[in-house]
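Structure assessment
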Amino acid sequence: MATLRSRPLILSLGGINMDLVTFADRLPAGGETVVGRQFVTYAGGKGANQAVAAARMGVRSAMVGRVGDDMFGPQLIELLQSAGVETGAVGASEGVSSGIAVISVGEGGQNRIVQVLGANDTCGEAEFNAIAGLLPEASAVLLQLEVSVDLSLRVAALAVSRGVTVILDPGPVRPVPAEFYRHVSIITPNETEAEALVGHPVANLDAAESAASELLNRDVAAAVIKLGALGAYWSDGNDSGHVPPFPVAAVDTVAAGDAFNGAMAVALSEGFSLPDAVRWGCAAGALAVTTVGAQDSMPTRDAVAQLFSGGCD
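Because the structure is a prediction, the values reported are computed rather than measured.

About the thresholds
Residues numbered from 1 in each chain as written. Predicted model: local features only at pLDDT ≥ 70, side-chain atom pairs only at ≥ 80, totals over all residues. Heavy atoms only, no water. Axes fitted to C-alpha atoms, helices over the stretch in contact; angles between N-to-C directions. Helix = DSSP H or I, 4+ residues; strand = E, 2+ residues; numbered from the N terminus. Parallel < 35°, antiparallel > 145°, perpendicular 65-115°, else oblique. Left-handed = near helix turned anticlockwise from the far one by under 90°. Contact = heavy atoms within 4.5 Å. Nonpolar A, V, L, I, M, F, W, Y, C, P; charged D, E, K, R; others polar. Salt bridge = Lys/Arg side-chain N within 4 Å of Asp/Glu carboxyl O. Buried < 20%, exposed > 50% of the residue type's maximum accessible area, 1.4 Å probe, protein only. Polar contact = N/O pair within 3.5 Å; in protein donor to acceptor, adjacent residues only side chain to side chain. Pairing = 2+ DSSP bridges.

1. Topic: the packing of helix α1 (residues 46-56) against helix α8 (residues 256-269)
Direction vectors running N to C along α1 and α8 enclose 45°, while the axes themselves pass 8 Å from each other. The orientation of α1 relative to α8 falls into the category oblique. The hand of the α1/α8 crossing is right-handed. The segment α1 lies against α8, with Lys46, Asn49, Gln50, Ala53 and Ala54 engaging Asp258, Ala259, Asn261, Gly262 and Val266. Split into classes, the residues belonging to the contact of α1 with α8 amount to four nonpolar, four polar and two charged.

Okay, structure coming up:
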């Protein structure tokens, strides 16, 4: 295992949400009502989750985004700060709600999510300028599609032009222009997102290899397909490989992919090769599914290092 070193700055431009979560023995079919077991609220949003994931790895982590002027806004900022995330570039939009995600969790931790972007969709020039000001200190920029595609594209182009790694988690799936891919260092879709991007199911390793190849043909520098219980498949055009899953008992799969991205970004920024960084991400994602919550489930550096060391040759 490589030794993490230094203390880089990881920037995350993306969604900040309050998650409203129900738990039931099974998820309902269309038109069906089931009786749930529990209801909780917790801080989430893919961008915010990934910022917390990076902070828990012991690096500087800064969130760039917006909350609403509702009751959730101050809570969301406070929770980011308590996790060690810098929030100087988090603004508040008047007359709009904070981002909301309504999540149903069934047996085995499987989930369905309906997201309302709210204030996340008001990000614009102020956030671009904030990113531009922080880029000289940054080693990686984490992007998702919870803010406008145009803003994310501008940020990606600027970051890559300055030699900063751009990691795109293409969720929620939205149409993106072809030129976006040219500015992405690593794209990290899960199975569902990969299927939407390439147009065929991605349910096994052969399909993941095909999906990665298609994404590389769109000029991304590297593709990592997150496969849940099957681990992850990665390719950079010169080499490729499969990282098997770390065996854990899944309780809640919400935000596992965000734990993966945050930990992988830290590992890459601190000198890991792509294969080892993907393993580091898989270890973080595995630990995340053992705990209920989004930001609350982001694992600590020590826990990830322990699982990584115990699960690799």
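So, next bit.
2. Some details on the pattern of salt bridges
One pass over the structure, following the stated rule, counts 12 salt bridges. Asp25 serves as the salt-bridge partner of Arg37, at 2.9 Å between the closest nitrogen and oxygen. Here Asp25 lies in the loop between β2 (17-23) and β3 (38-44) and Arg37 lies in the loop between β2 and β3, a separation of 12 residues in the sequence. Exposure class is identical for Arg37 and Asp25. Each is exposed.

3. What about the side chain of Gln50?
Note that Gln50 resides in helix α1. A polar atom in the side chain of Gln50 sits 3.0 Å from the side chain of Asp258. Contact partners of Gln50, with chain neighbours within four places excluded, come to Ser12, Leu142, Gln144, Asp169, Asp258, Asn261 and Gly262.

4. Let's talk about the sheet that holds strand β12 (residues 232-235)
Read from one edge to the other, the open sheet built from nine strands follows the order β5-β4-β1-β8-β9-β10-β11-β12-β13, with strand pairing classed as mixed. The outermost strands of the open sheet, each flanked by one partner alone, are β5 (86-93) and β13 (240-243). Pairing geometry for strand β11 (residues 222-226) and β12, over four bridges, is antiparallel. Bridge assignment links Val224 to a residue of β12, and that residue is Trp234. Contacts between helix α2 (residues 72-82) and the sheet are confined to β4 (60-68) and β5, with β4 contributing the most and set at about 175° to the helix.

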